[in-house]
Amino acid sequence: MKPAGMHFPCVAALCLMLFARTLEASGLVNTNMIRTVRLTQLPFVHEQVGVVVQNEHASKAFKTYTALVDDEKATHLASIKVHERKSGAELETVQVDGGRYRATLRRALQPGEKISLNIETVFVNTVDARPARVKQTEDQFWEWADAPLVPSAYATRKQKTTVHVPSREAATTFGPYFDSNANTTQISVAFKSNNEQLEALTHRREYLVSHWADDLNVLEHYQLRSRAPENDGPFDKVAQTVSKYMKVRDNFVKTLLVKVPADAREMYVVDEIGNVSTSAVSGRRHRAAEDGGSFKIMQLRPRYPLLGGWNYTWWHGYSVPLSSHLRTQGARHRLKVPFVGSIAGCAAADDQLSVAMAERQNTAVAAYELRVVLPEGAANIDVRMSLAADSVRRQPFSYYFDSSGRTVVVIKRRNLPPDAAHQSVLVMYDYSVLSLWQKPLVIATAIFALFMLGSAVNRLHFGLAGKSHKKKNKKQQQQQQEKTLDNSN
Amino acid sequence: MAGKVLGLTAVDQTSLLRIGILGLISLVAIGSRLYSVLRFESVIHEFDPWFNYRTTRYLVDNGFDKFWNWFDETAWYPLGRVVGGTLYPGIMVTSAAINNALHAVNIPVDVRNVCVFLAPVFSALTAVATYKLGKEVQSETAGLLAAAFMGIAPGYISRSVAGSYDNEGIAIFLLVLTFFLWLRAVRLGSAAYAAVTAAAYFYMVSAWGGYVFIINMIPLHAFALLAMGRYSNRLYVAYSTFYVLGTLASMQIPFVGFQPTFTSEHMAALGTFGLMQIAAFAGLVRAQLPAQQFQTLVRAAVVAAFAAGCAGLAVLTATGAIAPWTGRFYSLWDTAYAKVHIPIIASVSEHQPTPWTNFFFDLNILIWLFPAGIYFSFRQLTDHHVFLVLYALFASYFAGVMVRLMLTLTPIVCVMGGISMANVFESFLGAGPTSDASTGSANSSTDSVGGSGGDRKKKNPAKAVPKRLAGESAQDGSAQPAPDGGDTQQGQSARQKRLYALVPRVAVMANFLYFLCMYQWHCSWVTSSAYSSPSVVLASRAPDGTTHIIDDFREAYYWLRKNTEADAKVLSWWDYGYQLAGMADRTTLVDNNTWNNTHIATVGRIMASDEDTAYAIARSLDVNYVLVVFGGMLGYSGDDINKFLWMIRIAQGVYPDHVRENDFFNDQGQYSIGDSASPAMRASLMHKMSYYRFNEVMGGRAFDRVRKQQLPSSVTLDNFEEAYTTENWMVRIYRVKDLDNLGRSHHAVAALAGRRGSA
């Protein structure tokens, strides 16, 4: 525990008290608040705020509760959910503006009544390395730091914060603080963690639907950065080589493990300058813990091992049978695909890799884009998904031999939460048999037209003294001869 | 005539067969060039192709105008390079056009794939063009054989495998096409064909510096015809049209510009053009004068004009009005010239004289058929054959002087091979049976091989050998009309005779068939084993037969691309300049363009200097990273230490006071790298960067696997720090340190902190 900054600026205190007064007037009061921060799944930071809310207003009943998120932390927010603690029911939560989220209570809170709520938030990349630079083989240390008080739209009587870190059993507790009076401006916890942490600066996943080939092509494009502390001093090849052969731990992320469906085929890994020839696919099928589906593991080795702060960009892809993702009712097609794939960075050497490593979630996606390329002629497109998206758009797109073009559904979202990997997207569209035959017909017509054109051009003669002229001349000559003959006769 | 098959007449059948054969040849030509893609991947090979690829990408992304006016500030830092004006844009424009055409019909291919497969596709076109050329000069049989040879000749494949995206990939096609069109233009005296020739020539000029070969070859042909007294109006029309249009067109390429008007390489064409006008004028005069006087007059005039032209040329060259020959040209006459005067040209392996084994390696049996083809050409010696003989002579000379020019020799060797092989076929399969039949009975075609072959081939001399080959066809033709019948006794002995005649025929044909099979075998083997390695990616074979890909170059380049500042300047020897620009996308100081010898020498000097001098120069040039290639770990012999002597030589050429080649040999006169190395060698940046801390990982008494020498025991490096080293130590990248904050020297700082690498 390291309470930092012991003094408390008077101005800030005054402001806060004024603020608190105005809030109190609204009538809702947080009588008790317990914030639990779990840092065991970095770079994801799970915060759960258990709060007892009491309506102290004389007459007014409250239908909603507003949760606040710091402006600074709001850019790192991956998800926010509000549950009623007693029933466990999730409350409908909408973003009002900036960092204000309004949850609608299931039943209006009458004057004098109390309710317990759980506000669960996930932030990504809010924990930084301290020191920011270490040597290749040294341990990594991290520091979680935050304000001691949970921001709230309402007055808070009592609150405390508990922090769980990966390296220690015992949790660290700050508080309790009464009536928003903390004797510090910042609380922080330092801890050791050598777990790999990666950040996908951008990640794009593309589905390409082909009805002809019964093929669903998946393409995943990553721009990845290792969040490990940067290297202190120059790169040390000797140390790297030695730790490789001596099997000593170092901070290089050497392998990226990608779970792919068991029926995936035609896999490839490419980056901007060609094939990444060092990748492999494990032949064994594994059974997923959550949904029971089976998967294989693609062992992807970047061209160079990733040290802290190093970037790597690549894309990989594979095909799966379309039929396992598509349900058809007449012309109506329902395509159900995973919202996002999973990837796990791994610092372990090749012979120490395990399936459990592939199941870890240590890659936070900062900017995500999902593209579903529907077949040419798909109409009445309807997209459903459980995860909120920042934007859902439809774009025209042309692919191999398209004549009328097709539609791409583009879904964008910032900061994916860890449970996004278990979500799926349902895209429904109409696709008629005629559309299926459109492409072959267009191509056949085009080739036939070319053939006709070629044959027509072949029959024409462009020369000045062409055959036809000669023929004509001959005919004329003949006629003339005949005439002269006639005349002579 | 044979009966109709599938409703086709015999003529249609043969043309269908020809199209089929040509199609198959094209397929084989493309197919055999795909080894590299199958073995490795669809990747751009070697060095220059990376520049072509990068510029093609730029063209596709930014459009033609921007491409044309492109000033690339990321090359030749700090000088920059006017890219649009210093390249042959043909190949880029071709690829971009293909790319855009494919995208227009919604085939979203990547530009890289267009570039990778451009050369194989064009090699199929080359085969077709060779067929046309062979048909033009001899017969369809010769054409088909030449096309088949051309399709898989290793001499051509060496520069046109998939991924070898270089100018030669399309230029050889254009070379053959231009020559074919020229010969046709001369035969027909057609201004239209001459104009098409000029257009093909223009395309060639836009594609490859080797166009100079055409603009000397065609005038030479015209001049030779003039000198042989074969002047005709057809030649006049063809040459004048070609020269005027072709020269004007070629001047539209900025890189060529006004060169056709003032450089020595183009003077022969101009002179021949003048002679042609004089000859035409003489033709006019001839009409007015008696023949004998005219002859002497013409002779005198031609000789006088030629002498005056040469004298004028000499004077203009001497006074500098005509640009003198370039260094590369001098080295064509004197192979030792470059080594003495311009080490940078001599340092390129493809500019070395050709070892004689290469001729057999690249051409196989064609090298034996080639002289035979020349012999047959001499026998006929039409205008076309004059051209072939001249082409053969000059191309053989140039191919002997420079390895790279094997490329220009290959087409003529293939055509000559086609001609001689066609002659063999025609004498042993075609004309043979018919001449036999003249003495034999009508039912002589029992021998199915010779008979059916003869049946087919018989048409060729009859149809394809044109009237201009009067001498040849007269010999065969005299035997053609077979007197029918003959009595049975005669028939009996004739059958015996025929049987005896059959033996050598079968033997010869079997022999040649064997040769042809061996040719195909050899070509495939050479292609697969020698010419299909991308050199960007290396493959090694484990004892158990599995291939292990060594991808260190791309590892290093990609590391630079993703983990250095976008405007970082990377210093390396010029060999890697294009690859750095293409794969690492970083600013380079020198690259494979080698247009500025001084700048290259400066880089050589940095590599050859001691640490402090190198640091000062590198900092003055804003260098952020230094990249060296080191093969000592893996035994990769093409590394920088092995190229180091060339760097020293080139640097010495410009900085003789600072760099001396002799300093780098030790007392025993050896080029050593270990503890017995000369002081200059051990102090040099190249040596330090290659061996920095290498012995720590290899253990005490380790060896450099390339040099087979013991490693130096102590290597210190203070002004530069290791930034990245690839898996097999093949590429080592160093960061140029910033100046010390306290103004100390880096040596002092390192001494204070305790040095690494000094073990």
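Everything numeric here is computed off the predicted structure, so don't read it as measured data. (Residues numbered from 1 in each chain as written. Chains lettered and ligands numbered in written order. Predicted model: local features only at pLDDT ≥ 70, side-chain atom pairs only at ≥ 80, totals over all residues. Heavy atoms only, no water.)

Helix and strand counts for chain B stand at 33 helices and 11 strands. Buried positions account for 55% of the 759 residues belonging to chain B. Within chain B, residue pairs in contact and separated by at least 24 positions form 72% of the contacts whose partners lie at least 6 positions apart. (Helix = DSSP H or I, 4+ residues; strand = E, 2+ residues; numbered from the N terminus. Buried < 20%, exposed > 50% of the residue type's maximum accessible area, 1.4 Å probe, protein only. Contact = heavy atoms within 4.5 Å.)

Moving on, we come to the overall build of chain A. Secondary structure assignment for chain A yields six helices and 33 strands. Taken over 489 residues, chain A has a buried fraction of 45%. Pairs at least 24 residues apart make up 76% of the contacts formed inside chain A by residues separated by at least 6 positions. Carbon together with sulfur atoms contributes 54% to the accessible area of chain A, which is approximately 24,600 Å² in total. (Areas by Shrake-Rupley, 256 points an atom, 1.4 Å probe, with all protein chains shown as cover.)

Counted by the stated rule, this structure contains 56 salt bridges over all chains. For the salt bridge of Arg-225 of chain A with Glu-199 of chain A, the shortest nitrogen-to-oxygen distance reads 3.0 Å. Highlighted residues: Arg-225 of chain A in strand E16 (residues 215-226) and Glu-199 of chain A in strand E15 (residues 198-210), separated in sequence by 26 residues. The class of Arg-225 of chain A is partly exposed, set by a relative accessible area of 27%. The closest approach of N and O atoms between Arg-230 of chain B and Asp-383 of chain B, which form a salt bridge, is 3.1 Å. (Salt bridge = Lys/Arg side-chain N within 4 Å of Asp/Glu carboxyl O.)

This next bit is on the sheet that holds strand E26 (residues 332-338) of chain A. Residues and elements named next belong to chain A. Strand order in the open sheet made by the four strands is E25-E26-E33-E30, with antiparallel pairing throughout. The open sheet has two edge strands with one neighbour each: strand E25 (326-329) and strand E30 (379-385). Neighbour to neighbour, the strand axes of the sheet diverge by 15° on average, direction disregarded. Pairing of E26 with strand E33 (residues 424-430), which is carried by seven bridges, proceeds in the antiparallel orientation. Note on E33: the bridge partner recorded for Val-337 is Val-425. (Pairing = 2+ DSSP bridges. Axes fitted to C-alpha atoms, helices over the stretch in contact; angles between N-to-C directions.)

Before going further, it helps to examine the packing of helix H9 (residues 191-207) of chain B against helix H10 (residues 211-227) of chain B. Residues and elements named next belong to chain B. Direction vectors running N to C along H9 and H10 enclose 145°, while the axes themselves pass 8 Å from each other. Contacts between H9 and H10 involve Tyr-201, Met-204 and Val-205 from the former and Tyr-211, Ile-214 and Ile-215 from the latter. Of the residues contributing to the contact of H9 with H10, the split by class is six nonpolar, no polar and no charged. (Nonpolar A, V, L, I, M, F, W, Y, C, P; charged D, E, K, R; others polar.)

On to the state of the cysteines. All names here are of chain B. The final tally for this structure, using the stated rule, is zero disulfides over all chains. Cysteine Cys-523 is unpaired, with the sulfur of Cys-414 as its nearest cysteine sulfur at 8.6 Å. Owing to a relative accessible area of 1%, Cys-523 belongs among the buried residues under this scheme. (Disulfide = S-S within 2.5 Å.)

Below, the discussion takes up the side chain of Gln-136 of chain A. Residue and element names in this part refer to chain A. Structurally, Gln-136 is set in the loop between strand E9 (133-134) and strand E10 (141-146). A polar contact is formed between the side chain of Gln-136 and the backbone nitrogen of Asp-236, at a distance of 2.6 Å. Contact partners of Gln-136, with chain neighbours within four places excluded, come to Asn-231, Pro-234, Phe-235, Asp-236, Ala-239, Gln-240, Asp-250, Asn-251, Phe-252 and Leu-307. (Polar contact = N/O pair within 3.5 Å; in protein donor to acceptor, adjacent residues only side chain to side chain.)

The periodicity of an α-helix, 3.6 residues per turn, causes residues three or four positions apart to be oriented the same way. The end-to-end C-alpha distance of helix H20 (residues 383-401) of chain B is 28 Å, a good match for the 27 Å that 19 residues give at a rise of 1.5 Å each. Where burial is concerned, most of H20 of chain B is hidden: 14 out of the 19 residues are buried. (Expected span 1.5 Å × (residues − 1).)

Opposite the 27 residues of chain A that make contact, chain B presents 30 residues. In total, about 2,700 Å² of surface goes out of reach between chain A and chain B, with carbon and sulfur atoms giving 54% of it. Between chain A and chain B we count six salt bridges in total. As a salt-bridge pair, Arg-301 of chain A and Glu-727 of chain B come within 3.9 Å of each other at their nearest N and O atoms. Our count for the contact surface shared by chain A and chain B stands at 18 residue pairs in polar contact (both at pLDDT 80 or more). Of all the elements in the fold, those that place two or more residues in the side of chain A that touches chain B are helix H3 (237-246), strand E20 (274-275) and strand E24 (311-321) of chain A. At four residues, the largest contribution of residues to the side of chain A that touches chain B is made by H3 of chain A. (Buried area = accessible area lost by both parts, 1.4 Å probe.)

All names here are of chain A. In terms of burial, strand E2 (residues 44-55) is largely enclosed, as 11 of its 12 residues are buried. For strand E1 (residues 28-41) and E2, the ladder comprises 11 bridges, and the chain directions are antiparallel. By the bridge assignment, Val-37 is partnered in E2 with Glu-47. Counted between consecutive antiparallel strands, the loop separating E1 from E2 contains two residues.

Another point: the pairing of strand E29 (residues 367-373) of chain A. Residue and element names in this part refer to chain A. For E29, the buried fraction is high: six of the seven residues fall into the buried class. Direction of pairing for E15 relative to E29: parallel, over a ladder of six bridges. Looking across to E29, one finds that Leu-208 is bridged to Val-373.

All names here are of chain B. Where helix H11 (residues 233-250) contacts helix H13 (residues 267-286), the axes come no closer than 10 Å and their chain directions differ by 145°. In the crossing of H11 with H13, the sense of the turn from one axis to the other is left-handed. Along the contact surface, H11 presents Leu-235, Tyr-236, Tyr-239, Ser-240, Tyr-243 and Val-244, while H13 presents Ala-269, Leu-270, Thr-272, Phe-273, Met-276, Gln-277 and Ala-280. The residue inventory of the contact of H11 with H13, partitioned by class, reads 10 nonpolar, three polar and no charged. (Left-handed = near helix turned anticlockwise from the far one by under 90°.)

Okay, the packing of aromatic side chains next. Two aromatic rings are characterised by how far apart their centres lie and by the angle between their planes. In the structure shown here, the tally under the stated rule is 65 aromatic pairs over all chains. With a centroid separation of 5.1 Å and an interplanar angle of 90°, the aromatic rings of Trp-212 of chain A and Trp-437 of chain A are classed as edge-to-face. Placement of Trp-212 of chain A in the loop between E15 and E16 and of Trp-437 of chain A in helix H5 (residues 433-459) is noted, with a sequence separation of 225 residues between them. Assessed through its relative accessible area of 47%, Trp-212 of chain A is described here as partly exposed. Taken together, the ring pairs connect Tyr-222, Phe-235, Phe-252, Tyr-304, Trp-310, Tyr-312 and Trp-314 of chain A together with Tyr-558, Trp-559, Tyr-625 and Tyr-724 of chain B into an aromatic cluster. If you follow Lys-73 of chain A out to its NZ or CZ, it ends over the ring of Phe-123 of chain A, 4.6 Å from the centre. Over the ring of Trp-646 of chain B we find Arg-649 of chain B; its NZ or CZ atom is 4.7 Å from the centre of that ring. (Phe/Tyr/Trp six-rings, centres within 6.5 Å; stacked < 30°, edge-to-face > 60°. Lys NZ or Arg CZ within 6 Å of the ring centre and 35° of its normal.)

As a further point, take helix H28 (residues 611-620) of chain B. Turning to H28 of chain B, its buried residues number three or more, namely Glu-611, Ala-614, Tyr-615, Ile-617 and Ala-618 of chain B. The secondary structure elements touched by the buried residues of H28 of chain B are helix H27 (597-608), helix H30 (679-683), helix H31 (685-691), strand E10 (720-725), strand E11 (731-736) and helix H33 (746-753) of chain B.

This part covers the sheet that holds strand E7 (residues 625-629) of chain B. All names here are of chain B. The mixed open sheet is built from five strands, whose spatial order is E6-E5-E7-E11-E10. Unpaired on one side and paired on the other, strand E6 (587-588) and E10 mark the two borders of the sheet. Relative to E11, E7 runs antiparallel, the two being bridged by five bridges. By the bridge assignment, Val-628 is partnered in E11 with Arg-732. Lying over the sheet, helix H25 (residues 552-563) contacts strand E5 (569-571), E7, E10 and E11, oriented at roughly 25° with respect to E11.

What follows concerns the confidence of the model for chain A. Residues and elements named next belong to chain A. Across chain A, the average pLDDT comes to 83, with 87% of residues at or above 70. For residues 1-10, every residue scores under 50 in pLDDT, and the model assigns this stretch 19 contacts once sequence neighbours within four places are set aside. The low-confidence segment residues 468-472 (pLDDT under 50) makes two contacts with residues lying over four places distant or belonging to another chain. (pLDDT = per-residue confidence, 0-100.)

This part covers unusual backbone geometry. A cis amide bond, omega 5°, links Leu-42 of chain A with the succeeding residue Pro-43 of chain A. By the element assignment, Pro-43 of chain A lies in the loop between E1 and E2. Geometrically, the link from Arg-130 of chain A to Pro-131 of chain A is a cis peptide bond, its omega value of 0° lying close to zero. Turning to its location among the elements, Pro-131 of chain A is positioned in the loop between strand E8 (128-129) and E9. Despite not being glycine, Phe-401 of chain A shows a phi value in the positive range, around 60°. Within the secondary structure, Phe-401 of chain A sits in the loop between strand E31 (391-397) and strand E32 (406-414). In this structure, Asp-622 of chain B takes a positive phi of about 60° despite not being glycine. With respect to the helices and strands, the residue Asp-622 of chain B is situated in the loop between H28 and E7.

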